[in-house]
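Given next are the chains, with one letter for each unit.
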Amino acid sequence: MKKDPKTEEAIRAFRTYARLGLCREESSLGIVCRIRGICGDSAALDMLAVCDTMRMLAVLGRKEVISAVVKVYFCAPSVRIYTNEMSYRVRRVADELHCDERTLYRWLFEARTLWRRFRELKHPF
């Protein structure tokens, strides 16, 4: 299967967000301050888009989508992803959340699409 560059970019942004420890930050102001201190302009826009995505999903009440993103993308973010590792994670998380794999892929797609919309709204500094 061919890899989609947009999908890869979104996954990379979510994993970088977790690798930088921003997913453990409590306040939005703390996240913004850490992003400005850690990242360059382009990476900062990616991280802000991830932050906005997670907040929007919480506001919309999409707890299952947040749970899927946390368990698939935020799990071991500093470890390199090998062949089929994402598929194995999706199978394991689908079993944990008592849903089928296709539903989990739809939830992840929803998060990536929302990230893409937020990312396109941001303009360079």
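Everything discussed here concerns the structure shown above.
Keep in mind that this is a model prediction, so the values were computed, not measured. (Residues numbered from 1 in each chain as written. Predicted model: local features only at pLDDT ≥ 70, side-chain atom pairs only at ≥ 80, totals over all residues. Heavy atoms only, no water.)

J.: Explanation requested: the packing of aromatic side chains in the structure shown.
T.: We describe a pair of aromatic rings using the distance from one ring centre to the other and the angle between the two ring planes. Under the counting rule described, the total for this entry stands at three aromatic pairs. Between Phe14 and Tyr73 the ring centres are 5.5 Å apart and the planes differ by 25°, which places this aromatic pair in the stacked class. Of this pair, Phe14 sits in helix α1 (residues 5-19) while Tyr73 sits in the loop between α4 (63-72) and α5 (85-97), and the two are 59 residues apart along the sequence. Across the pair, Tyr73 and Phe14 agree in class, each one buried. Members of the aromatic cluster, each reached through a chain of ring pairs, are Phe14, Tyr17, Tyr73 and Phe74. (Phe/Tyr/Trp six-rings, centres within 6.5 Å; stacked < 30°, edge-to-face > 60°. Helix = DSSP H or I, 4+ residues; strand = E, 2+ residues; numbered from the N terminus. Buried < 20%, exposed > 50% of the residue type's maximum accessible area, 1.4 Å probe, protein only.)

J.: What exactly am I supposed to notice about the environment of Arg12 here?
T.: Structurally, the position occupied by Arg12 is in helix α1. According to the relative accessible area criterion, Arg12 is exposed, its value standing at 52%. Taking the C-alpha atoms as reference, Arg12 lies 17 Å from Trp107; in sequence the two are 95 residues apart.

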